[in-house]
Amino acid sequence: MEALKLSQTWPKPGILLPIVIIGAGGIVSDAHLPAYQRMGFPVAGIFDLDEKKAQAVAARFGLPKAFESLEEAASQKDVIFDVAVPAAQIMQVLPALPDGSAVLIQKPMGRDLAEAKSILALCRKKGLKAAVNFQLRFAPNMMVVADLLKSGRLGSITDLELRVVIDQPWQLWDFLRGIPRLEFLYHSIHYLDLIRSFLGEPLGVYARGVGHPQMPEYADTRSSIILDYGNQLRCSLVMNHTHRQGAKYKASQMMLEGTQGAVVVSMGVNLAFPKGEADFLDLALENNPWERIPLRGSWFNEAFEGPMSNLQRFVSGEDPQLVSPVEDAIKTMALVEACYLSSAQGGTPIPGSGD
């Protein structure tokens, strides 16, 4: 497999700007900051509406400062802003940033397509160099898949199936309780964005999201999605976040098949969030047996190196483009919106069979 030159790492920036983090939630502590420290990315400080939380994170990671206000954080010069806040707060943060700033925005890009359009318009108005943190694209195993697709080694793609059967700890994120949109918007969005990057834009979507009778405080916690890529490629996603019968039948993987080969990848973080299990990638080309490809890491948290590396390199001119700019992320938000529209419309009525 060495001849394939399968990339698992985004190039490290040669020029580094300090990072100002806005938001001190679990994703910052579990993924952003560990990745940044491992890469040697300088962090100038952190701000959160909960001042004690920001101070605790700053102390834990040895950050130089916990800013006392958003205005103080936004006043920092020659920095990159890492906006890691819930979707409802993005439009409260972006207006405070200086025009022309570089900013990495936590997904999702707003609570719905209408808000995503407002975010896009604001980024354009302020001239922001803005990317959305769709970090699954940068997971080591997913970068290998991207290389395989780019090289054509799998042939024409005929099938993509993604299956997640887990007991998702939704309670870790207080802001998810009671919101009208959950699974498509905050979880499946990762896979919808990834599939777009692999296969391009689908023609349409068939989707159904449902809640769970034992979790009335949460909206859609399970879903089934079919992406329409014409009559030669089948693409389906199955999400069950309420599987509570132990580890035996848990699942978190994607299989992608082509006319010349197939690949199976896992997303181990889902199996025991946030520590998770190691990702894997199994590859079978042409008539060769399955082979497990060694990986340098997993979605959590090596994938979080990529979006910031890409943004840093874009700002310095080392990368010609952003991988997930807001102009591309709006298409993922449109696909999420289509999932909710499809789910609300319901299935095709079954015609009467007569007497």
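Summarised in this report is the structure supplied together with it. (Residues numbered from 1 in each chain as written. Predicted model: local features only at pLDDT ≥ 70, side-chain atom pairs only at ≥ 80, totals over all residues. Heavy atoms only, no water.)

With that settled, consider the overall build of the protein chain. Secondary structure assignment for the protein chain yields 10 helices and 13 strands. A compact globule built from 355 residues should have a C-alpha radius of gyration of about 20 Å, and the protein chain, at 21 Å, falls within 12% of that. Considering only C-alpha atoms, the protein chain reaches an extent of 70 × 55 × 40 Å along its principal axes. Going through the 355 residues of the protein chain one by one, you find that 54% of them count as buried. Sequence separation of 24 or more characterises 69% of the internal contacts of the protein chain that already satisfy a separation of 6 or more. Computing the positive centroid from 33 side-chain charges and the negative centroid from 38, the protein chain places the two 1 Å apart. (Helix = DSSP H or I, 4+ residues; strand = E, 2+ residues; numbered from the N terminus. Rg over C-alpha atoms; globule rule 2.2 N^0.38 Å. Buried < 20%, exposed > 50% of the residue type's maximum accessible area, 1.4 Å probe, protein only. Contact = heavy atoms within 4.5 Å. Lys, Arg positive; Asp, Glu negative; His and termini not counted. Charge placed at Lys NZ, Arg CZ, Asp CG, Glu CD.)

Attention now goes to the pattern of salt bridges. As enumerated under the stated definition, the model contains 16 salt bridges in all. Here the residues in one salt-bridge network are Arg137, Asp193, Arg196, Glu201 and Asp328, joined through shared partners. (Salt bridge = Lys/Arg side-chain N within 4 Å of Asp/Glu carboxyl O.)

Among the 6 residues that make up strand E11 (residues 261–266), 6 are buried, leaving the element largely enclosed by the rest of the structure. Of the two faces of E11, the one lined by Gly261, Val263 and Val265 and the one lined by Ala262, Val264 and Ser266 are each fully buried. In terms of strand pairing, strand E10 (residues 251–258) meets E11 through 5 bridges, oriented antiparallel. Note that in E11 the partner of leucine 256 across the bridge is valine 263. Between E10 and the antiparallel strand that follows it, E11, lie 2 residues. With 5 bridges connecting them, E11 and strand E12 (residues 281–285) associate as antiparallel partners. Looking across to E12, one finds that glycine 261 is bridged to leucine 285. (Pairing = 2+ DSSP bridges.)

Here we take up the packing of aromatic side chains. Applying the stated criterion across every chain yields a total of 9 aromatic pairs. Here tyrosine 36 and phenylalanine 41 contribute two aromatic rings whose centre-to-centre distance is 5.9 Å and whose plane-to-plane angle is 45°, an arrangement assigned as tilted. Summarising the burial analysis for this pair, tyrosine 36 and phenylalanine 41 share the class buried. Between the aromatic rings of tyrosine 191 and tryptophan 299, the centroid separation amounts to 6.2 Å while the plane-to-plane angle is 75°, which identifies the pairing as edge-to-face. Of this pair, tyrosine 191 sits in helix H7 (residues 183–199) while tryptophan 299 is found in helix H8 (residues 299–302), placing the two residues 108 residues apart along the sequence. (Phe/Tyr/Trp six-rings, centres within 6.5 Å; stacked < 30°, edge-to-face > 60°.)

Attention now goes to the side chain of serine 343. Mapped onto the elements of the fold, serine 343 is located in helix H10 (residues 326–345). The class of serine 343 is buried, set by a relative accessible area of 8%. Within polar-contact distance, the side chain of serine 343 engages the backbone nitrogen of glycine 209 at 3.0 Å. Once you skip the residues sitting within four places of it in the chain, serine 343 turns out to touch Phe184, Ala207, Arg208 and Gly209. (Polar contact = N/O pair within 3.5 Å; in protein donor to acceptor, adjacent residues only side chain to side chain.)

On to the nonpolar core. Of all hydrophobic cores here, the largest spans 115 residues; its most connected members are Ile22, Leu94, Met109, Leu227 and Trp299. The leading source of residues in this core is H7, at 10 residues. When sequence neighbours within four positions are dropped, the list of residues in contact with isoleucine 22 reads Phe47, Leu70, Phe81, Asp82, Val83, Ala84, Val85, Val93 and Leu97. (Core = buried A, V, L, I, M, F, W, Y, C linked by side-chain atoms within 4.5 Å.)

The next thing to look at is H10. The end-to-end C-alpha distance of H10 is 28 Å, a good match for the 28 Å that 20 residues give at a rise of 1.5 Å each. The first or second residue beyond H10 is glycine 346, which carries a positive phi of 80°. (Expected span 1.5 Å × (residues − 1).)

The topology assignment puts isoleucine 105 in strand E4 (residues 102–105). The exposure class assigned to isoleucine 105 is buried, which follows from its relative accessible area of 0%. Linking isoleucine 105 and proline 13, residues 92 residues apart in sequence, is a C-alpha distance of 19 Å. In contact with isoleucine 105, not counting residues within four places along its chain, are Val83, Ile90, Leu94, Cys123, Ala130, Ala131, Val132, Asn133 and Val326.

With respect to topology, 8 strands assemble into an open sheet ordered E7-E8-E9-E6-E10-E11-E12-E13, the strand pairing being mixed. For this open sheet the edge positions go to strand E7 (204–210) and strand E13 (291–292), each flanked by a neighbour on one side alone. Note that E7 and strand E8 (residues 222–228) share 7 bridges and pair antiparallel. Residue pairing for E8: glycine 209 is matched across the bridge by serine 223. Across the sheet, helix H6 (residues 140–151) lies against strand E6 (157–165), E10, E11 and E12, angled at about 165° from E11, the strand it touches most. Across the sheet, H10 lies against E7 and E8, angled at about 65° from E7, the strand it touches most. (Axes fitted to C-alpha atoms, helices over the stretch in contact; angles between N-to-C directions.)

Turning our attention to the packing of helix H1 (residues 26–39) against helix H2 (residues 51–61). Close contact between H1 and H2 brings their axes to 12 Å; oriented N to C, the two are set at 35°. Here the hand of the crossing between H1 and H2 comes out right-handed. Together, Ser29, Leu33, Pro34 and Gln37 of H1 and Val57, Arg60 and Phe61 of H2 make up the contact between the two elements. Looking at the contact of H1 with H2 residue by residue, the class counts come to 4 nonpolar, 2 polar and 1 charged. (Left-handed = near helix turned anticlockwise from the far one by under 90°. Nonpolar A, V, L, I, M, F, W, Y, C, P; charged D, E, K, R; others polar.)

This next bit is on the pairing of strand E1 (residues 19–22). Alternating positions in E1 separate into two faces, Ile19 and Ile21 on one and Val20 and Ile22 on the other, with burial throughout. In terms of strand pairing, E1 meets strand E2 (residues 43–47) through 4 bridges, oriented parallel. Across the sheet, the residue bridging to isoleucine 22 is phenylalanine 47, located in E2. For the crossover that starts at E1, traverses H1 and ends in the parallel E2, the hand is right-handed. (Right-handed = clockwise from strand over helix to strand, strands pointing away.)

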